[in-house]
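Understanding the architecture of this molecule
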Amino acid sequence: MDNYEPLEIIGTGSFGLIRKVRRKSDSRILARKEIDYRRMNDKERNQLVSEVNILRELKHPNIVRYYDRYIDNTNCMIYIIMEYCEGGDLSSIIKKCRKEGNYLSESTIWFFFTQILQALHECHYGYGNSKCDSDHSQQHITILHRDIKPENVLLGSDNKLKLGDFGLSRKLNLDRELAQTYVGTPYYMSPELITESHYDTKSDIWSLGCLLYELCALQPPFQAKSQPSLAIKISAGMIPPLPSRYSEELNNIIRATLMVDPNKRPTTMELLKMMHPSRDITRRE
Ligand code: ADP
Ligand code: MG
């Protein structure tokens, strides 16, 4: 704990503060989530434990890297040390474009989309390693993000996008046990959640589609003043057209990811295959 010099506060999370810190051993700048666990109920404490456990398993250039955690029992604080993302989050980019009346270029949208897709692919198809290394039989663990939205996609110092904030995600074993409660953003809530209230990988795909749409149109695909009227629009799946500047290929991906029937939506694997290799800007490095 003494190894981290506290610097300025960079964000306010639902659990506490996010602070910039300097690791004294090598002067590296990191981010620290500071959580006062006295004010937490059991559900919130469980969410936190699950966030930490999930982060520990995820090592990917497009996922916010978790380094360490420690507990200060005297002050009832839990600290999570993670990669510092100096570029802010995608919501501020969307807001800036809207304010200035500029659309993002098609290539910027592909640049963002391929990275978020690869992060989500790692969650859905990656391999849990912490428990299974000993017997060498890597168990396939599916991680649902459950809260994909512009505020939870950060820009790292390496100029890469990072999917973060796994506070509400759940681990899902592949026996199709479905996480039952929904706690995410209503704007990106999927149709199956309105009717059946269960969540699986295809609901993350829906949110990914909403995010891709919002990057293009600078507003979410479904908007309403009340939650019931939002639910009607989502269930009908009627999407206002994208600005005409964007390609048919982008329109096709959005249409596919926003299919009302989750079975008709592509998986991250299928999305990666659907994309023309020239669109994968991350591979050009
Ligand atoms: P919450 O669970 O309340 O949504 P987040 O983990 O999303 O909390 O953090 C809240 C905000 O703090 C983010 O939207 C982002 O602006 C900032 N933030 C969080 N983590 C980092 C980080 N590793 N580097 C830089 N900024 C961060
Ligand atoms: Mg968040």
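Just above sits the structure.
What you see is a predicted model, and the numbers here were worked out from it, not measured in a lab.

We now examine the nonpolar core. The biggest cluster of nonpolar side chains holds 62 residues, and the ones touching the most others in it are Leu90, Ile109, Phe113 and Phe166. Not counting chain neighbours up to four residues away, the residues in contact with Phe166 comprise Glu51, Ile54, Leu55, Leu58, Ile63, Cys123, Ile143 and His145. Counting seven residues, the second largest nonpolar core, distinct from the first, contains Tyr4, Val21, Met77 and Tyr79.

This part is about the coordination of the magnesium ion (ligand 2). Looking at the magnesium ion (ligand 2), the protein donor atoms are Asn152 (OD1) and Asp165 (OD), and they sit 2.1 to 2.2 Å from it. Pair noted here: Asn152 is in the loop between strand 6 (141-144) and strand 7 (153-155) and Asp165 is in the loop between strand 8 (161-163) and strand 9 (170-173), with a separation of 13 residues, a long-range link. Asn152 sits in the buried class, given a relative accessible area of 6%.

Inspection of helix 6 (residues 227-236) places Leu230, Ala231 and Ile234 among the buried residues, and these make up the whole buried set. Angularly, the buried residues of helix 6 cover 100° about the axis, an arc narrow enough to put them on a single face. In this structure, helix 6 carries Pro228 and Ile232 as exposed residues pointing more than 90 degrees from its buried face. Tucked inside the fold, the buried residues of helix 6 contact helix 4 (191-195) and helix 5 (201-217).

Now for the site of ligand 1. Taken together, 17 residues lie near ligand 1, and Gly13, Ser14, Glu83, Cys85 and Asp165 sit nearest. Note that a nitrogen atom of ligand 1 is positioned 2.8 Å from one of the backbone N or O atoms of Glu83. A distance of 3.2 Å is found between an oxygen atom of ligand 1 and a side-chain nitrogen or oxygen belonging to Asn152. Here ligand 1 loses 82% of its free accessible area of 550 Å² to cover by the protein chains. Secondary structure elements with two or more residues in the shell around ligand 1: strand 1 (4-12), strand 3 (28-36) and strand 5 (77-83). Among the elements that line the shell around ligand 1, the one with the most residues is strand 1, at three residues. Taken together, the residues of the shell around ligand 1 sort by class into seven nonpolar, five polar and five charged.

Bringing the side chain of Arg32 into the picture now. Looking at where Arg32 falls in the secondary structure, it is placed in strand 3. Given a relative accessible area of 6%, Arg32 falls into the buried group. Within polar-contact distance, the side chain of Arg32 engages the side chain of Tyr70 at 3.2 Å. Beyond its immediate sequence surroundings of up to four residues, Arg32 is in contact with Tyr4, Pro6, Leu17, Ile18, Arg19, Val21, Tyr70, Tyr79, Ile80 and Ile81.

Thresholds, definitions, all that
Residue indices begin from 1 for each chain and proceed along its sequence in written order. Key to labels: chains lettered from A, ligands numbered from 1, both in the order written. For this predicted model, a pLDDT threshold of at least 70 governs which residues receive local features, and a threshold of 80 or more governs which side-chain atom pairs are given and counted, while totals over whole chains, interfaces and linings are taken from all residues. The basis for every side-chain value is the complete set of heavy atoms in the structure, and neither hydrogens nor water enter the calculation. Note on terminology: a nonpolar core comprises buried Ala, Val, Leu, Ile, Met, Phe, Trp, Tyr and Cys residues joined through side-chain atoms within 4.5 Å. Per-residue accessibility, obtained with a 1.4 Å probe over protein chains only, is compared with the maximum for each type, and a residue is labelled buried under 20%, exposed over 50%, and partly exposed between these values. We call two residues contacting when some pair of their heavy atoms lies within 4.5 Å. The rule for donors is simple: N, O or S, within 2.8 Å of the metal, or within 3.2 Å if the metal is Na, K or Ca. Water isn't counted, so a site may look like it is missing partners. Elements are defined by DSSP. Helices are runs of H or I of four residues or more, strands are runs of E of two residues or more, and each kind is numbered from the N terminus. As used here, the arc belongs to the directions running from the helix axis to the C-beta atoms. Nearness is defined per residue: one heavy atom within 4 Å of the molecule or strand is enough. Under the rule applied, a polar contact is a pair of N or O atoms within 3.5 Å (in protein, one hydrogen donor and one hydrogen acceptor; residues adjacent in sequence only if both atoms are side-chain atoms). Per-residue accessibility takes into account occlusion by the displayed protein chains alone, with areas from the Shrake-Rupley method and a 1.4 Å probe. Note that Gly is not counted as nonpolar here; it falls among the polar residues with everything else outside the nonpolar set of Ala, Val, Leu, Ile, Met, Phe, Trp, Tyr, Cys and Pro and the charged set of Asp, Glu, Lys and Arg.

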